[in-house]
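Coordinate analysis (summary)
Now for the letters of each chain:
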Amino acid sequence: MDSHNTSLFDAQALEAPAELASAIAPPAAPGHFDELRGIATPQTTTRQGTPSQPAPLYDAASVPPAAPAADETDLAPGEHAPLAPSWAGFFENLGPGGFDDLPRRAVSLERQIRDNGVTYNVYADSANGPQRPWSLDLFPLILSPESWAQIEAGVQQRARLLDRVMADVYGPQQLLSEGLLPPALVQGNAGYLRAMHGVKPPGDTWLHIAAFDLARGPDGNWWVVSQRTQAPSGLGYLLENRLAIARQFPQAFENLHVQRLAATYNAMMEGLQRMCPAGQPPHIALLTPGPYNETYFEHAYLSRYLGITLVEGSDLTVRDQRLYLKTLQGLRPVHGLIKRLDDQFLDPLELRPDSTLGVPGLLQAIRAGNVLVANMPGSAFLESPALLGFLPALARRLLDEKLQLPALPTWWCGERAAMEAVLPLLSDCAIKATYPGDDSHTSFDSVLGTRMGQRGLDEWAGRIMRRGEEHTVQSYLPLSQMPTWTQNFDRGHIAPRAVLLRVFAISDGPQSWRVLPGGLARLAGPDAQIASMQRGGSSADVWVQTLDEVDMTTRLHSQATPASLARHRAPVTSRAAENMYWLGRYTERAENAVRLARVTLDLLGGEEVSSRALLNWLHQLTERNALVPREVPSLPKSRRVFERALIAELGDVERGGSVGFSLSCVRRAAAAVRERLSQDHWNQIVRAEADFLRRSAEQAGEKGEAGYESGAALRLLESASAALAAMTGAQTDRMTRDDAWRLLSIGRHIERLAFLSSALAAGFETGAVHEVSGFEAMVALFDSTITFHARYQQRRDVATMVDLLVLDGDNPRSLAWVTHTLRKRIAKLAGSAPGKLSALSYELPDPDSWTLEHLCEAGPESQYAALVDLCTACETASYHVSDAIGTRYFTLTSESLRSVGA
């Protein structure tokens, strides 16, 4: 067994935690920089038997000398170098429990990530479902003040450079005319948007957020590997990482003088507000592709942290070259947009016509100068790896400066000389696509020449020679390795893993940037050389130490005024409102389907099912609510076939109306408004669907095509009913009574009114309610059995049914209660004065005009025409009101449409 496993918790044999860490933590792999000890691990030999020394990666004059450090070759066998000062300080400040407490903290961290609902969606990860918990290591990456100074200066300079490159490319294009930039890398890149040429951005600033992926080489210096400018991710995840890790190591976080992050976020928001073209205060929103995007959690988290509105493309509209947010109160101007959407999807009128994620007319609003977009569209060409090789010359031309932070040597094979120079070096390089993600060019995942044999290298060389412009070759750099914690059952151990650091340059005003003092560290898998979340990697917090006073700025405002509090009350977007409305409708629909299926199976399993009227009523209701296919023989003709069809359809997620389908719709609607739901509420919804579909599939698998027995189906429905009751409790008792909640409630009651009134009308039309079993079934369908028997004992006449199920103002399932509630909540939604109804409220029948005597008048053959007419009127009105709500609040096409704000 390895020494670092055997002696992990034998702290008594050593004097200090730092010495213990040095003894039990294995060194980095040969040829990699060891973050824990601040030195490079000695090189091994190559296949030819000569020491493997990496070739010079850059102009030596531009690279600061590596910091002197101890050499592990001077140590005795089995002895490790001492820890770097930063890491020694970290382990000395572990706090109570020391190393013995690390397994508990690892479990606590995992639970915290799970409870907070932090996810990273992986599209191809079908085994773990569409949402995978965010992976975060227990240890942070610690950067010394000296190391950060090199990074900060270099990243800030590169942000200025990239911004000026964009200004030239979309302006005078001198770089192209002077031959400093190949046209193929600009105009030949799908990320170059001709529609943006000649645009003058607010504050003359094109880039507001730029991300740079950095790697530390064996010499201890940092190198730029890639850059992201379209919609760089990480600003939200690194916040969650910081909160989670600082909570696990509060003593170390305090004593190591770690720089805080809030001041940079404040500066970013203040800079955006100053540069917004209009509005005081300006209205800024964050544009997300939606809940199925891989980083949607981050979008929702970041919007809450920044106090801005989270919107999708369907929430926005352009009118008269101005951008508006569709809200329940009308159109609200949007002055600034932080986009997390790739440029090609922004505007279906001028870019990808098949995009449903963007806003028609957005580019025209940008060209008119009426909206600030961070980042401005058209920056995607900057992300090409081929551009890195041209930036040193561009820095001298545009900034008259030498780049302070070097990039890995990069060769664009579209230049013949570069291609011929790099082909012999493929075995020590990475091969990348020049135009990643571009459908008009060849695109592929990066490959490492170090992992290929001669045959593979020859094949790639052939591809490069045939299509040189689509291939970029970059020197391979062994990534530095940081200590990570690996949990083994109840214990764990420290293991080194390769790390790639993403840092962010943030604009804090016109032509001004600062670097966020932290970042997102991405860890490669245990045996991987590429750090990628998509490839199963993990993340780590980044602690930047400072020698100065720690900036304790916070996003919390010490003084609040009514006006400032009103601004922080986020508007309810039409999309969110519509999804809340359908969340309510589908929750109620699922409850109705469960109750109807239970009533039907109970009756079919009993002895009193000979009544043709009762069978016709059940068949009519189940078919109308899509619980059975239309082609199934009628219930009076083949009771057994009907029962089997009903059971088989319960878990069918393809057929609308089934319980499984309704539960899936509940989850999808909830996912679209995930940021509005508590974690418990969301977990209830996900579990309800997953458990129902799993148990349904298990039961069907055990019984095969014959389906499972009614007893098992009833137990399954009982479990679903309990889960739906928990959801109803969360919706009723744990949500703020704002307009979004009112629409959820209105959706539930519209669905309830339509279902119950149609069921009651059908019961009287078929005559089922005039039989004991049919009467009891109707009361059960209204979920009023206990109240009915407590109030009326053995009476079973029409008057008692109408009194409880239609007129009772205290029964939340009576038609009168549901209608009264709907009228009041629709009026409240419309902003009517207390006690006053809106015009739409009057579209529903007035329960105050209903009387028991009139509704109980029996016509010829006991038809009860007045009662049936009332039920029909309630059902028709519910659907009419639903359409009117959609027109008024969701599509915003009614005549009462208005703009709010300036």
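Residues numbered from 1 in each chain as written. Predicted model: local features only at pLDDT ≥ 70, side-chain atom pairs only at ≥ 80, totals over all residues. Heavy atoms only, no water.

A tally of helices and strands in the chain yields 29 helices and 22 strands. Classification of the 902 residues of the chain by burial places 57% in the buried group. When contacts within the chain are restricted to residue pairs at least 6 apart in sequence, long-range pairs at least 24 apart make up 71% of them. For the chain, the accessible area works out to roughly 37600 Å², and carbon and sulfur atoms hold 50% of it. (Helix = DSSP H or I, 4+ residues; strand = E, 2+ residues; numbered from the N terminus. Buried < 20%, exposed > 50% of the residue type's maximum accessible area, 1.4 Å probe, protein only. Contact = heavy atoms within 4.5 Å. Areas by Shrake-Rupley, 256 points an atom, 1.4 Å probe, with all protein chains shown as cover.)

The subject of this paragraph is empty space enclosed by the protein. Considering all chains together, one arrives at two cavities of 30 Å³ or more under this definition. Roughly 70 Å³ of internal volume is contained in the largest cavity. For the lining of the largest cavity, a count of residues per class yields seven nonpolar, one polar and two charged. By volume, the second largest cavity amounts to about 40 Å³. Considering the residues around the second largest cavity, the lining is formed by Ala25, Pro26, Asp34, Leu36, Gln481, Met482, Pro483, Ile494, Ala495 and Pro496. Going through the elements one at a time, strand S17 (481–488) and strand S18 (491–509) are the ones with two or more residues in the lining of the second largest cavity. (1 Å grid on protein atoms, 1.4 Å probe; cavity = no way out; pocket = protein on both sides within 12 Å on 5 of 7 lines; lining within 4 Å. Points joined across faces, edges and corners; volume = space filled by probe spheres on them. Nonpolar A, V, L, I, M, F, W, Y, C, P; charged D, E, K, R; others polar.)

A word on the sheet that holds strand S14 (residues 429–433). Taken in spatial order, the four strands make up an open sheet running S13-S16-S14-S15, and their pairing is antiparallel. If you trace the sheet from one side to the other, it starts and ends with strand S13 (410–412) and strand S15 (447–448), each paired once. Looking at chain direction, S13 and strand S16 (residues 471–475) are connected through three bridges and run antiparallel. Pairing of Trp411 across the sheet is with Val473, part of S16. Lying on the sheet, helix H15 (residues 454–466) is in contact with S14, S15 and S16; it crosses S16 at an angle near 130 degrees. (Pairing = 2+ DSSP bridges. Axes fitted to C-alpha atoms, helices over the stretch in contact; angles between N-to-C directions.)

Moving on to the side chain of Asn811. Checked against the element boundaries, Asn811 lands in the loop between helix H26 (798–807) and helix H27 (815–829). On the accessibility criterion, Asn811 (10% relative accessible area) is buried. Only 3.3 Å separates the side chain of Asn811 from the side chain of Ser784, close enough to count as a polar contact. Apart from the residues within four sequence positions on either side, Asn811 is in contact with Ser784, Leu804, Leu805 and Trp817. (Polar contact = N/O pair within 3.5 Å; in protein donor to acceptor, adjacent residues only side chain to side chain.)

On to helix H10 (residues 262–275), then. For H10, built from 14 residues, the straight-helix expectation of 20 Å at 1.5 Å per residue is met to within 8% by its first-to-last C-alpha distance of 20 Å. Burial analysis of H10 places 11 of its 14 residues in the buried class, the great majority of the element. If you check which residues of H10 are buried, you get Ala262, Ala263, Thr264, Tyr265, Asn266, Ala267, Met268, Met269, Gly271, Leu272 and Met275. (Expected span 1.5 Å × (residues − 1).)

The predicted model of the chain has a mean per-residue pLDDT of 86, with 87% of residues at 70 or higher. The low-confidence segment residues 45–64, where pLDDT is below 50, has 34 contacts with residues more than four positions distant or belonging to other chains. Across residues 895–902 the pLDDT falls below 50, and counting only partners more than four positions away or on other chains, this stretch makes 18 contacts in the model. (pLDDT = per-residue confidence, 0-100.)

Let's shift gears to the pairing of strand S19 (residues 512–515). What you see with S19 is a clean split: Trp513 and Val515 sit on the buried side and Ser512 and Arg514 on the side with no burial. Across four bridges, the pairing between S18 and S19 is antiparallel. Opposite Ile506, over in S19, you have Arg514 as the bridge partner.

On to the packing of aromatic side chains, then. Taken as a whole, this structure holds 25 aromatic pairs when the rule is applied. Seen in terms of ring centroids, Phe91 and Phe139 are 5.7 Å apart; in terms of plane orientation they differ by 80 degrees. Their pairing is edge-to-face. Of this pair, Phe91 sits in helix H3 (residues 85–92) while Phe139 sits in the loop between helix H4 (102–115) and strand S3 (141–143), and the two are 48 residues apart along the sequence. For Phe91, a relative accessible area of 1% gives the class buried. In this structure, Arg737 is placed above the aromatic ring of Trp741, and the distance from its NZ or CZ to the ring centre is 4.2 Å. (Phe/Tyr/Trp six-rings, centres within 6.5 Å; stacked < 30°, edge-to-face > 60°. Lys NZ or Arg CZ within 6 Å of the ring centre and 35° of its normal.)

A few words now on the environment of Gly307. Within the secondary structure layout, Gly307 lies in the loop between helix H11 (296–306) and strand S7 (309–311). Of the residues examined, Gly307 reaches a relative accessible area of 43% and is grouped as partly exposed.

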